[in-house]
Every structure is written in C-alpha cells, then in structure tokens.
Amino acid sequence: RQHLIQKQQHVEEEIATTTFVIPFKDNASRNTSGIMAISTTKKDIVEQITRGRPFLTCDDIKNLEIVRQVSNGMNKAVFEVKLPGSGVSAIVKRCFKSRRYQDLLKKETNFLKRLQDQYGTDKTIGYFGECEASSDQLCEEMLKNGETKEHILVNFSIGYTSVVEMGTPLILNHQLNDTGKSHTCIKASRKCFAGFFTESDVEDLKMIARQYANYSKVPITLRKRANTDNCKAEQYVATTTGLRHVDLDMVYEREELNYTEALEINCSVIRLFLNNNTLDCTTANLNREQKQNHRINTTVAVNYCNRP
C-alpha cells in the first residue's frame, strides 16, 4: 500500500509538468471538468428530498429542467436535470421503447430505493422518484406518426423515467486503452488502474459487497454467470460520502443463497475489480472518519495507465 501511495505521488508530480490528451469517444461524452472524485449533489439535500418530503411525483418529473444529455443508447438515455426547489443536479434515466429494457431499469430503480430504505442515504445513492407515464403502445403510435426518438426522450410525460442522485463517474467509456482479446476486467490497463485505489476506496467496495449480500428481500449478487460488467470502473461513481455502484443491470436476486455465499460471490467480483486475489470483504478495516481522508485521483490513474 505504501508503494502505491508513493507511485501516485510520483505520477502526480510528473503530470503537473506534462500535458496529456485523454481520448473520448465523441463530444457528447466529454467530461470537460476532468474526472474529479466529487459529487454534484450534497448529501444534506438528498436527505431533505428523500426523507423530509415525499418522492417526486409524475407531475414533478414531467416538469424537470433538463441541463444536458449525458448519454444515449438504443433503448435508454441519461440526462442531468435540476431538482425542483433546490436546483440541485440529479440524474434522470429514460426508457420508452423496449419492454425488456424498461424492466431492467425498473429493477435497478427498485434496488436503489430498497437499498436506501435499508442503509440510509449516507451509504447509498439517493433515490428521488420514478414515473411510468404512458404505455408502450402510445410510444409506438407516436413513432409511427412521425415523432422522433429524440423528441420522445426529452418528453418526460412519455415512457418510464427514474430520478436518482448524481455522482461523478470514475471513468467514462473508452477512457482506458483496453487493447487485447482478454476479458475487459483483466486487461493490463484495468489492473494498472486498480493499483491507484486507496484504502478508503477499497472499504467502500467491500461495503457494497456486504450490503448486497444482506439485501432486505433476498441476497443479491454482482454476477450470476462467469462474466460481469460490475468489475468495471464505469459501473461506479464517486459521491461526497464515497464510491457507489450505480449501473445495476447485472445484479441478481438469489433466494437460493445465504448471506455468506452471496458475499463470497460479490467479493470475487470486487477482487477482480481491484486486482486483489486475497481481498477479504467480511469486515470493515477503517472507521468513517478515516475513510474520508484519501481518495483515488482518477485523472492521474487514467493518464498513467494509458501511457505506451
């Protein structure tokens, strides 16, 4: 661990006098502020919205102010919006066309809400609300009548919408040079990146493994098959209280497992993520105060690990 800290300090000093260009897939995905491990949303605001008042209703959600579109896929889109009253930024996830992807987004949203109910906002991503505003049939009819996908995506009165806390992605898609034929999570650039995580970061990831294994309904796991996306940094964000898992497409309810079995599966994914085959997720090694002192500098990590 001391060796890694010294390596990070050395690279920080070198980068301070060197200019790097980080490749991005396109302008829409550009993070012009860098990859800073900070949260746009303050936790006291999360507490106010999620506990001090009801969750956002469909009427609230359809009137949210869009700041920008963060990403766009075949069936889903992500927007930054301003929450009513506070003006704080939050994330809206939209799905309007595919029932399969709507169900995945609803599953993810339900997990986030239940995790918040069980563990509190300090240890989870804030859930603000959701709305299923219209049927699939209406969307299909609008498309047939000439409405564009882009127009429907920004109309929160149509389709399914979830609203959650906004964090800062650890890295963006295609930000690491993942060359080679091996699985993404064991590529050299990923192993290099893992070396920059601090003890505080490691404790957050271990906590996620335990939270999911102890999920109130049934244990949930970070994988069910051999491969999973949950060993990728793109699935996680930084908030003011630590690292959080935000893309739950590949999270599974496992009623056939007990806590110990589910925890071992989850920890196996975190071991892969951290490139640490001996990681023990069963207990926490740092208290809350210690955890906030030192965090990964993802800009330094990406620049170092992308070097030829």
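Being a predicted model, the structure only gives us computed values, none of them experimental.

(A) The overall build of the protein chain, seen in detail. Regarding its fold elements, the protein chain presents 11 helices and 10 strands. The buried share of the protein chain, taken over its 308 residues, is 50%. Long-range contacts, defined here as pairs at least 24 residues apart, represent 76% of the contacts in the protein chain between residues at least 6 apart. Here the protein chain displays about 15000 Å² of accessible surface, and carbon together with sulfur accounts for 49% of that area.

(B) Looking closely at the pattern of salt bridges. Inspection of the entire model under this criterion finds 12 salt bridges. Salt-bridge contacts for R68 lead to E80; the nearest nitrogen and oxygen are separated by 2.6 Å. Of the two residues, R68 is situated in strand β1 (residues 65-72) and E80 in strand β2 (residues 76-82); the sequence distance between them amounts to 12 residues. Residue R254 pairs with E256 through a salt bridge whose shortest N-O separation is 2.6 Å. Through salt bridges that share partners, D201, D204 and R295 make up one connected network.

(C) Examining the packing of aromatic side chains more closely. According to the stated counting rule, one finds 7 aromatic pairs in the structure shown. Consider the rings of F111 and Y215, whose centres lie 5.4 Å apart with planes at 80°: the pair is edge-to-face. With F111 in helix α4 (residues 99-119) and Y215 in the loop between α8 (199-213) and β7 (220-221), this residue pair connects regions lying 104 residues apart in the sequence. Its relative accessible area of 1% is what places F111 among the buried residues. Where F193 meets F197, the ring centres are 5.6 Å apart and the plane angle is 85°; that geometry is what we call edge-to-face.

(D) Quick peek at the state of the cysteines. Applying the stated criterion to the full structure yields 4 disulfides. Here C185 engages in a disulfide with C231; their sulfurs sit 1.9 Å apart. Here C185 and C231 share a disulfide; its torsion about the S-S bond, 80°, makes the bridge right-handed. With C185 in the loop between β6 (168-169) and α7 (188-194) and C231 in the loop between β7 and β8 (236-239), the pair connects residues that are 46 residues apart, well separated along the chain.

(E) The pairing of strand β3 (residues 89-95), seen in detail. Of all 7 residues in β3, 7 are buried; the element is thus mostly enclosed. Where burial is concerned, the two faces of β3 agree: the one with S89, I91, K93 and C95 and the one with A90, V92 and R94 are both buried. With 7 bridges joining them, β2 and β3 adopt antiparallel strand pairing. Of the residues in β3, the one forming a bridge with F79 is V92.

(F) Spatial organisation of the sheet that holds β1. Reading across from one edge, β1-β2-β3-β5-β4 is the order of the 5 strands in this open sheet, with antiparallel pairing throughout. The sheet terminates laterally at β1 and β4 (127-132), the two strands that pair on one side only. Here the strands of the sheet are splayed against their neighbours by 20° on average, with no regard to which way each runs.

(G) Representation of the side chain of S200. Residue position: S200 is located in helix α8. Accessibility expressed as a relative area gives 4% for S200, which makes it buried. Polar contacts involving the side chain of S200 include one to the main-chain carbonyl oxygen of H294, which spans 3.5 Å.

Cut-off values and rules
- Residues numbered from 1 in each chain as written.
- Predicted model: local features only at pLDDT ≥ 70, side-chain atom pairs only at ≥ 80, totals over all residues.
- Heavy atoms only, no water.
- Helix = DSSP H or I, 4+ residues; strand = E, 2+ residues; numbered from the N terminus.
- Buried < 20%, exposed > 50% of the residue type's maximum accessible area, 1.4 Å probe, protein only.
- Contact = heavy atoms within 4.5 Å.
- Areas by Shrake-Rupley, 256 points an atom, 1.4 Å probe, with all protein chains shown as cover.
- Salt bridge = Lys/Arg side-chain N within 4 Å of Asp/Glu carboxyl O.
- Phe/Tyr/Trp six-rings, centres within 6.5 Å; stacked < 30°, edge-to-face > 60°.
- Disulfide = S-S within 2.5 Å.
- Pairing = 2+ DSSP bridges.
- Axes fitted to C-alpha atoms, helices over the stretch in contact; angles between N-to-C directions.
- Polar contact = N/O pair within 3.5 Å; in protein donor to acceptor, adjacent residues only side chain to side chain.

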